[in-house]
Amino acid sequence: MTRRRFLGTAATLGAGAVAVPAVASPTVHPPGWSGTARVEKIATTCEMCFWRCGVLASVEGGKVVRVEGNPDHPQNQGRLCARGNAGTGLLHDPDRLKTPLLRVGERGEGRFKPVSWDEALDFLAGRLVKLRDEHGPESVAFFPHGNGARFFATLMRAYGTPNSAEPSFAQCRGPREVGYSLTFGQGLGSPEPVDLEEARLVVLIGSHLGENVFTSQITAFATGLARGAKLIAVDPRFSLAASKADWWLPIRPGTDIALLLAWMNVLIAEDLCDKEYLKTYASGFDRLANHVREFTPEWAEAITEIPAAKIRETARAMGKAKPAVAVHPGRHVTWYGDDTQRARAMAILTALLGSWGRKGGIFLPTPIPRGSFDLPDFPEPKRGRADGAGKRFPLAIEELGVTNGLIDATLSGDPYPIKAWIVYGQNMLESIPQPARTVEAIGKLDLMVVVDVLPVEQIKYADLVLPEATYLERYDPPTIVESAKRPFIAVRSPACEPLYESKPGWWIAKELAKRLKLEAFFPWDTPEQHLEKILKPTGFGARELLNRGAVAFPGKPYLEDRAPVDRTFDTASGKIELYSEALAKIGADPLPRYTPPVEPPKGFFRLIYGRAPVHSFARSQNNEALDALMSENEVWLATSVARDWGVTEGQRIVLENVEGVKSSPVRVKVTEGIRSDCAYLVHGFGQQSRALRRAFGRGASDNSLMSRVSVDPLTGGTGMRVNFVRAARA
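What comes next is a walk through the structure. (Residues numbered from 1 in each chain as written. Predicted model: local features only at pLDDT ≥ 70, side-chain atom pairs only at ≥ 80, totals over all residues. Heavy atoms only, no water.)

Quick look at the sheet that holds strand β18 (residues 550–552) now. In space, the three strands of this open sheet follow the order β16-β17-β18, with antiparallel pairing throughout. In the strand order of this sheet, the two ends are held by β16 (476–481) and β18, each with one partner. Averaged over all neighbouring strand pairs, the angle between strand axes comes to 10°, with direction disregarded. With four bridges connecting them, β16 and strand β17 (residues 488–492) associate as antiparallel partners. Within β17, the residue paired with T479 across the bridge is A490. Where helix α19 (residues 527–535) meets the sheet, its contacts fall on β16 and β17, and the angle it forms with β16 comes to roughly 20°. (Pairing = 2+ DSSP bridges. Helix = DSSP H or I, 4+ residues; strand = E, 2+ residues; numbered from the N terminus. Axes fitted to C-alpha atoms, helices over the stretch in contact; angles between N-to-C directions. Contact = heavy atoms within 4.5 Å.)

Now the structure itself:
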């Protein structure tokens, strides 16, 4: 289907929709001209990172020539980061996957032959039927990432496997969602509902806003600081955010819980908590007070290496600014294996300050109605999940799964053999630590399928490669964001026809469903029919949403916006649970407790890592425009460490971890802005796919050096800051 036909049909279907007064009048983007060429602007949603900003794609002669921010989008309001502006670089990347590929050589050789879509889908459907008949549908595991994966998720559930897991849980924010849910009865979602623009004090614990650029969040952060908000930055590294801070606390890595407990100690001992808020909404205060009595700032100083006086000073600053204290919950939080308990400690600190549901703290989600399809019942798997979610990892969220748990099961065959992987939109060799184990697990598979846009490293291990259209060429399910002050629905719609032989994910999933006789789970013929059904309860039609790119609704972000009867919490007690009976019942600490991290062997340094403002994970290094801005990463070393290692600024070295794994050569950045027990890399570089001609071999991969993980026993999250490196000869 062409985009023009899509829009035309949508216009017909949406003709009777009623506009909601809470939003601006419908925006129509009339035809424009650039010189003598007509240029049309198509509203859609960016996918250069996961923040999903609204963009306008300028289309000239059927070709996307420019991407800019959509001023009508409630999230980014016309602003767009470097990655978003570089979106056409992905669309026109000469290294894109162009046609379905079937393996002809040995797995790992990367030898393929191009095949037609009919051949590819017939091959895959045949193999899936055979696997289902011989080993059961549970033997197939699905590794999704991003909004576009939802069509495949439906397909895999219809096929009958419960084994779906995405790295956004066990390698990113899973422990955070669980820790806050245990405390407040709900997680945080994405984007994080942190009221940065209204805060009087912002607390960042390992979050380097500014380097970790999400347009709306960084805008709110800058607005808050401009209005006079104070800033506490807890980070072993002098990050960009730390450079703006009133207090930079260069904490000893792995000791954050000790600092949080000491802050609680001061707030309670000096009567700085929001007592009325706690009396109204919280339970377990007396148990918490008894628990933290021994965790004085002096106790924490010996652990964190932050002076006790500084701990008291910052705690008092929080008490003074309450409730408008934004304790940022972080995003990538899988650090040391005690991450759920650290998230609990951050949630409890937020509660003590009365900041949950209050202006300047954490605001509340506002539900949006949505339509759904009347689907057949999904088959009930005969065997439970293989990743340990709900059992080995009792608090893992089963809808998101535990990626490393599925890799474990593939390696061991326990609880049953996993025979096939379908990987959508992610590079598992960069998104999941212990890549050697991942490769070993792939070697045990009967079938590996990759759906992607670019030839990332794992492609060479695949039996079948399916080239997906980029976000500028496809429709994805609408994004429904309730964790915003003004909740909204946004859509990703095609700005141009898919290039080469690539196909949109919805088409691939639907065609595969036909071959598996599962088409009843896709009871729509066109994307606009799908969109119209989901939008129906909102009063909006597909045409309005397609014209604007997003529509917003009135929000109720604060407790005071809600009637007293609605100011409840979805916990067992209906209160904020400072003391967690749910944790006590499963034998876990009901209140957070500090446990020392594993220390580096002599001569090694802890490897820490983070983001850069112009790259997203390992997905954007092949982009020409972004490569021009940052073509490789550097390893940050403290001045004293560089001197001891005998290396200088700009020199290239190789990093070697405790297991003897070596990195690609990487340039040295010598700085006073990092603790002398750490080395720091920006994530996503050092890629080993030769088919990515621009990204190949640039810089060092932090993930390749992560031979060890410390697994969170509650969620299965892989703590990754337990790896240590030293300089080695190339």
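Take a probe with the size of a water molecule and roll it over the atoms, and the empty space left behind shows itself. According to the stated counting rule, one finds nine cavities of 30 Å³ or more in the structure shown. In this model, the largest cavity occupies a volume close to 380 Å³. Around the largest cavity, the lining is made up of 25 residues, and of these G425, D452, V453, L454 and R619 lie nearest the centre. (1 Å grid on protein atoms, 1.4 Å probe; cavity = no way out; pocket = protein on both sides within 12 Å on 5 of 7 lines; lining within 4 Å. Points joined across faces, edges and corners; volume = space filled by probe spheres on them.)

The next thing to look at is helix α12 (residues 297–304). Among the residues making up α12, those that are buried are P297, A300, I303 and T304. Looking down the long axis of α12, one finds its buried residues gathered within 120° of arc, a one-sided arrangement. Positive phi shows up at E305, right after α12, with a value of about 65°. (Buried < 20%, exposed > 50% of the residue type's maximum accessible area, 1.4 Å probe, protein only. Arc of directions from axis to C-beta.)

Turning next to the layout of surface pockets. In this model, the second largest pocket occupies a volume close to 520 Å³. Lining the second largest pocket are 21 residues, and of these P74, Q75, E197, S216 and A220 lie nearest its centre. For the lining of the second largest pocket, the leading source of residues is helix α7 (residues 215–226), giving four residues. A breakdown of the residues in the lining of the second largest pocket according to their chemical character gives nine nonpolar, six polar and six charged. (Nonpolar A, V, L, I, M, F, W, Y, C, P; charged D, E, K, R; others polar.)

On the secondary structure map, Q621 appears in the loop between β20 (605–610) and α22 (624–629). According to the relative accessible area criterion, Q621 is buried, its value standing at 4%. There is a polar contact of 3.2 Å between the side chain of Q621 and the side chain of Q687. Aside from chain neighbours lying at most four places away, what touches Q621 is H615, D627, H683, G684, F685, Q687, R694 and A695. (Polar contact = N/O pair within 3.5 Å; in protein donor to acceptor, adjacent residues only side chain to side chain.)

What follows concerns the sheet that holds strand β7 (residues 140–143). One open sheet accounts for six strands, arranged β6-β5-β15-β14-β13-β7; its pairing is mixed. Looking at the sheet topology across the chains shown, the edges are occupied by β6 (112–114) and β7. Each strand of the sheet is rotated relative to its neighbour by a mean of 15°, with strand direction disregarded. Where strand β13 (residues 420–424) lies against strand β14 (residues 447–452), five bridges are found, and the strand directions are parallel. Paired with Y424 across the two strands is V451, which belongs to β14. Docked against the sheet, helix α4 (residues 117–135) engages β5 (101–103), β7, β13, β14 and β15 (464–467), running at close to 130° with respect to β15. Of the strands in this sheet, β7 and β13 are in contact with helix α15 (residues 403–412), which crosses β7 at around 150°.

The subject of this paragraph is the packing of helix α5 (residues 150–159) against helix α18 (residues 505–515). In the contact formed by α5 and α18, the axes pass within 8 Å of each other and the chain directions differ by 15°. Relative to α18, α5 is oriented roughly parallel. For α5 against α18, the interelement crossing comes out left-handed. Residue-level inspection shows F151, F152 and L155 of α5 in contact with α18, the latter providing G505, W506, I508, A509, L512 and A513. When its residues are assigned to classes, the contact of α5 with α18 shows eight nonpolar, one polar and no charged. (Parallel < 35°, antiparallel > 145°, perpendicular 65-115°, else oblique. Left-handed = near helix turned anticlockwise from the far one by under 90°.)

Nothing here speaks to function; it is geometry throughout.
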